[in-house]
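Close look at the chain arrangement
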Protein chains: 2
Amino acid sequence: MTAVPAPITDGRALVDRAMRDTADRLDPLTRRVVAYHLGWTDADGRPAEAGGKALRPALALLSARAAGTPYETALPGAVAVEFVHAFSLLHDDLMDGDRTRRHRPAAWTVFGPSAAILGGDALLTLAANLLLDEHTRGAHWAARALTAATQRLIAGQALDLGFEQRDHVTLDECLAMAADKTGALLACACSIGAMLGEGPARLVTALTGFGSELGLAFQLVDDLLGVWGSPGTTGKPVLSDLRARKKSLPVVYALNAGTAESERLAELYADPGTPSEETLREMARLVEAAGGRDWAAAEADRRIASAERYLDESGMDHHIAAEFRDIALFVTARDH
Amino acid sequence: MTAVPAPITDGRALVDRAMRDTADRLDPLTRRVVAYHLGWTDADGRPAEAGGKALRPALALLSARAAGTPYETALPGAVAVEFVHAFSLLHDDLMDGDRTRRHRPAAWTVFGPSAAILGGDALLTLAANLLLDEHTRGAHWAARALTAATQRLIAGQALDLGFEQRDHVTLDECLAMAADKTGALLACACSIGAMLGEGPARLVTALTGFGSELGLAFQLVDDLLGVWGSPGTTGKPVLSDLRARKKSLPVVYALNAGTAESERLAELYADPGTPSEETLREMARLVEAAGGRDWAAAEADRRIASAERYLDESGMDHHIAAEFRDIALFVTARDH
């Protein structure tokens with residue numbers, strides 16, 4: 001297990017405080033859902049410690065450092081990207097029917113679908129509102145970029161839902177979906193601090209490219225964990241993506257590989273019944289035999305290498321570039 | 001039936017064009033849901049003419065005229081308020097289980113809950129993104145006001161959902177809920193054009209006050225229609241609010257009136273079974289006998305009078321003030 005890089009742990013307390021302060025702007029009912037979803041409370045509203053690793057806020061603060069921007073200027077950006085991320089998880093769990101999130105019951109199973117919808121709506125709105133608190137050019141830039149990234153995130157989720165109703169999805173379609181669903185917000189997280197600090201366009205562009213590639217790598221690793229990850233690490237049941245017949249990246253690669261295993265996998269994916277544990281294990285073997293596992297791991301490495309080239313082009317301080325690199329390696333080394 | 005005031009019909013084509021152009025920024029799947037929900041297409045994607053009256057865009061454009069702002073500057077504001085309104089209807093219909101919207105099946109019944117959630121998310125995000133297209137102080141002001149109004153709208157819906165699970169709701173709580181759920185966005189619609197044009201703070205404040213009171217009046221009339229409106233006008237089944245046991249303003253007034261009818265009404269509202277048509281008619285009689293109908297009508301008139309005082313204080317041109325007044329009277333004269 002790779003150690004958590006310093007930038008992720010360093011700003012953690014600062015971001016946590018800012019997130020809680022911002023959430024206090026919510027009405028009491030919505031705040032309850034949000035506090036549970038973000039891991040601050042249990043289902044009865046008692047204090048809990050079940051938060052995520054806050055990767056996006058760490059990247060946002062690091063991007064501020066890359067632009068020589070003080071933490072305080074970037075903090076609303078760090079909170080806003082995490083709120084948009086939390087919004088998407090809250091709504092996605094409901095849409096996908098996922099009942100578990102970070103080893104706990106998903107918020108919609110605790111508070112009901114309506115509360116989950118409203119909680120997500122509130123997080124999305126609060127993220128944009130928070131960024132607009134300051135009347136600076138940087139705030140305007142950041143808010144525009146965040147809402148544009150959110151549009152792509154929503155488009156990606158719409159595509160993903162559409163995939164489930166289609167027999168055939170190409171690898172290019174699946175990569176484009178992942179770029180929208182995961183890449184766009186991560187690209188925004190990696191550059192929003194620099195935008196808030198009105199950093200040079202060259203730096204913002206390079207950081208956006210870095211984040212976009214990192215997002216793809218992240219999704220590839222997440223998809224690998226969705227088939228071969230251990231429930232202890234992922235917080236999801238074993239083979240969960242296959243059980244839900246998700247058209248994730250390694251699966252779509254395997255389906256399109258043109259091998260005998262691809263055909264057999266396509267048959268199993270087309271069967272509308274609930275697959276047995278044995279069938280699930282067969283599916284996993286087929287994805288692997290058709291090359292889906294190796295391809296996804298290699299593609300993640302290629303994306304990380306491409307992300308690193310963006311760092312080289314950014315003109316940023318070497319120490320900060322090294323911290324971005326550490327996060328990228330950490331993210332793609334998650335237990336596989 | 002009062003004639004539709006000129007400001008509502010005048011800008012209609014302009015706003016319609018701008019809304020369609022803006023919706024083209026959406027991904028194809030989400031755009032389909034949005035186009036149906038906004039009345040541009042039928043369930044199969046064929047052109048239709050089933051749009052609403054676009055009250056909020058008309059108010060937004062009128063507020064621009066009050067500030068001497070050109071239409072083009074205010075148009076994104078007109079589109080953005082209508083998109084936020086459409087977002088709220090899309091999500092609310094799903095949350096409330098309302099199956100009919102403007103004489104047609106509600107979008108969630110046609111495309112499914114997930115598509116309705118995503119469609120609403122997309123409209124909400126697009127509204128903010130659109131306002132930020134221009135890098136002006138006015139755009140920043142408008143985007144901040146719109147996201148703040150949206151937060152109140154969400155808080156109002158959260159309160160409203162909470163009311164349904166409570167035995168007792170006070171009239172003040174219900175008025176505060178309506179101020180959030182309906183007043184905040186209408187207040188923003190009535191002032192956003194002036195904000196985009198960077199009009200004087202005194203004008204924006206007066207228009208916000210006008211819209212806030214108009215919103216309350218609008219909600220009171222809507223609640224009256226929810227009990228005594230004809231389905232032909234409202235597009236909803238007769239007595240629909242009573243069937244759903246909504247704690248609407250006239251009902252909450254009646255429940256709190258301390259009369260014998262209040263007690264009987266409370267008993268009927270507490271019964272978890274499906275009320276018969278006869279029971280629904282009894283409920284309507286009880287709300288009326290306890291004074292709920294008269295109070296709501298009088299309160300709507302008081303709110304309109306208060307709204308008109310804001311116009312007097314605004315310092316705006318008399319002709320434009322008269323147009324705001326016409327809209328206010330039109331809105332509160334809807335078939336009761």
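All figures in this text were calculated on a predicted structure; none of them were measured in a lab.

Comments concerning the overall build of chain A
When helices and strands are tallied, chain A shows 18 helices and two strands. What you see for chain A is a C-alpha radius of gyration of 20 Å, in line with the 20 Å of a compact globule of 336 residues. In terms of its C-alpha atoms, chain A occupies a principal-axis envelope of roughly 60 × 50 × 35 Å. For chain A, the share of sequence-separated contacts (at least 6 apart) that also reach a separation of at least 24 residues comes to 74%. As displayed, chain A offers around 13,200 Å² of accessible surface, 51% of which is attributable to carbon and sulfur atoms. One finds the centroid of the 34 positive side-chain charges in chain A at a distance of 2 Å from the centroid of its 46 negative side-chain charges.

Notes on the packing of aromatic side chains
Applying the stated criterion across every chain yields a total of six aromatic pairs over all chains. A centroid spacing of 5.0 Å and a plane angle of 10° characterise the contact between A:Tyr253 and A:Trp295, whose relative ring orientation is stacked. You can see A:Tyr253 sitting in helix H14 (residues 249–255) and its partner A:Trp295 sitting in helix H17 (residues 292–314), a full 42 residues away along the chain. A relative accessible area of 12% means that A:Trp295 is categorised as buried. Between B:Phe210 and B:Phe324 the ring centres are 5.2 Å apart and the planes differ by 70°, which places this aromatic pair in the edge-to-face class. Of the two residues, B:Phe210 sits in helix H11 (residues 201–228) while B:Phe324 sits in helix H18 (residues 318–332), which places them 114 residues apart along the sequence. Directly above the aromatic system of B:Phe218 lies the positively charged group of B:Arg56, at a separation of 5.7 Å from the ring centroid. Taking the ring centre of B:Tyr36 as reference, the NZ or CZ of B:Arg104 above it sits at 4.0 Å.

Focus on the interface of chain B and chain A
Contacts between chain B and chain A engage 38 residues on the former and 38 residues on the latter. Of the roughly 3,300 Å² buried between chain B and chain A, counting both surfaces, carbon and sulfur atoms make up 67%. Linking chain B with chain A are two salt bridges, by the criterion used here. As a salt-bridge pair, B:Arg144 and A:Asp133 come within 3.7 Å of each other at their nearest N and O atoms. Run the count over chain B and chain A and you get ten residue pairs in polar contact (both at pLDDT 80 or more).

A word on unusual backbone geometry
All names here are of chain A. In this structure, glutamate 198 is a non-glycine residue whose phi angle is positive, near 55°. Its location among the elements puts glutamate 198 in the loop between helix H10 (192–196) and helix H11 (201–228). Glutamate 198 sits in the partly exposed class, given a relative accessible area of 42%.

Quick notes on helix H7 (residues 113–131) of chain A
Between its first and last C-alpha, H7(A) extends 28 Å over 19 residues, near the 27 Å set by a 1.5 Å rise per residue. Counting buried residues along H7(A), 18 of its 19 residues qualify, which places the element largely inside the surrounding structure.

Focus: the pattern of salt bridges
Per the counting criterion, the structure on display carries 46 salt bridges over all chains. The shortest N-O distance in the salt bridge between A:Arg325 and A:Glu308 comes to 3.3 Å. Taken together, the residues A:Arg325 in helix H18 (residues 318–332) and A:Glu308 in helix H17 connect sequence positions 17 residues apart. Given the relative accessible area of 24%, A:Arg325 is considered partly exposed. We classify A:Glu308 as partly exposed; its relative accessible area is 22%. The salt bridge partner of B:Lys246 is B:Asp241, with a shortest N-O separation of 3.9 Å. Each member of the pair, B:Lys246 together with B:Asp241, is buried. Taken together, the shared-partner salt bridges connect A:Glu213, A:Glu299, A:Arg302 and A:Arg303 into one network.

Here's the deal with helix H9 (residues 171–189) of chain A
The first and last C-alpha atoms of H9(A) sit 26 Å apart over 19 residues, in line with the 27 Å expected at 1.5 Å per residue. Most of H9(A) sits inside the fold, with 15 of its 19 residues counted as buried.

Here we look at the relation of the copies chain B and chain A
When chain B is fitted to chain A, the best match, at an RMSD of 0.0 Å, comes from turning it 180° and sliding it 0.0 Å along the axis. Between the two chains, the operation in question is that of a two-fold axis. Mapped onto chain A, 100% of the interface residues of chain B are again interface residues, and the two copies thus contact each other with one and the same surface.

Observations regarding the packing of H7(A) against helix H8 (residues 137–164) of chain A
Residues and elements named next belong to chain A. Closest axis-to-axis distance for the H7/H8 pair is 8 Å, and the angle between their directions is 160°. Here H7 lies roughly antiparallel to H8, going by the angle between them. Judged by residue contacts, Leu124, Ala127 and Leu131 of H7 engage Ala139, Ala142, Ala143, Leu146 and Thr150 from H8. Grouping the constituent residues of the contact of H7 with H8 by class yields seven nonpolar, one polar and no charged.

Some words on the environment of A:Asp160
Residues and elements named next belong to chain A. One can find aspartate 160 in helix H8. For aspartate 160 and phenylalanine 324, which are 164 residues apart along the polypeptide, the C-alpha to C-alpha distance reads 29 Å. With sequence-adjacent residues up to four places away left out, aspartate 160 is seen in contact with Met177 and Lys181.

Details of the nonpolar core
Core analysis: the largest hydrophobic core is formed by 172 residues, its most contacted members being A:Leu146, A:Ile192, A:Phe324, B:Leu146, B:Ile192 and B:Phe324. Setting aside its immediate chain neighbours within four residues, A:Ile192 contacts A:Ala60, A:Ser63, A:Gly77, A:Val81, A:Leu131, A:Ala142 and A:Leu146.

Observations regarding the packing of helix H4 (residues 55–66) of chain B against helix H5 (residues 71–96) of chain B
Residues and elements named next belong to chain B. At their nearest, the axes of H4 and H5 sit 8 Å apart, and the two run at 150° to each other. By the angle class used here, H4 and H5 are roughly antiparallel. Crossing angle aside, the handedness with which H4 passes H5 is right-handed. For the pair H4 and H5, the contacting residues are Arg56, Pro57, Ala60, Leu61, Ala64 and Arg65 in the first and Tyr71, Ala74, Leu75, Gly77, Ala78, Val81, Glu82 and His85 in the second. Of the residues belonging to the contact of H4 with H5, the class tally is nine nonpolar, two polar and three charged.

Things to note about the environment of B:Ile320
All names here are of chain B. Following the sequence through the fold, isoleucine 320 ends up in helix H18. In this structure isoleucine 320 comes out as buried when scored by relative accessible area, which is 9%. For the pair isoleucine 320 and aspartate 301, spaced 19 residues apart in sequence, the C-alpha separation works out to 21 Å. Excluding residues that lie within four positions of it along the chain, isoleucine 320 makes contacts with Leu62, Arg65 and Ala66.

Parameters at a glance
Residues numbered from 1 in each chain as written. Chains lettered and ligands numbered in written order. Predicted model: local features only at pLDDT ≥ 70, side-chain atom pairs only at ≥ 80, totals over all residues. Heavy atoms only, no water. Helix = DSSP H or I, 4+ residues; strand = E, 2+ residues; numbered from the N terminus. Rg over C-alpha atoms; globule rule 2.2 N^0.38 Å. Contact = heavy atoms within 4.5 Å. Areas by Shrake-Rupley, 256 points an atom, 1.4 Å probe, with all protein chains shown as cover. Lys, Arg positive; Asp, Glu negative; His and termini not counted. Charge placed at Lys NZ, Arg CZ, Asp CG, Glu CD. Phe/Tyr/Trp six-rings, centres within 6.5 Å; stacked < 30°, edge-to-face > 60°. Buried < 20%, exposed > 50% of the residue type's maximum accessible area, 1.4 Å probe, protein only. Lys NZ or Arg CZ within 6 Å of the ring centre and 35° of its normal. Buried area = accessible area lost by both parts, 1.4 Å probe. Salt bridge = Lys/Arg side-chain N within 4 Å of Asp/Glu carboxyl O. Polar contact = N/O pair within 3.5 Å; in protein donor to acceptor, adjacent residues only side chain to side chain. Expected span 1.5 Å × (residues − 1). Least-squares fit on C-alpha atoms with pLDDT ≥ 70 in both. Axes fitted to C-alpha atoms, helices over the stretch in contact; angles between N-to-C directions. Parallel < 35°, antiparallel > 145°, perpendicular 65-115°, else oblique. Nonpolar A, V, L, I, M, F, W, Y, C, P; charged D, E, K, R; others polar. Core = buried A, V, L, I, M, F, W, Y, C linked by side-chain atoms within 4.5 Å. Left-handed = near helix turned anticlockwise from the far one by under 90°.

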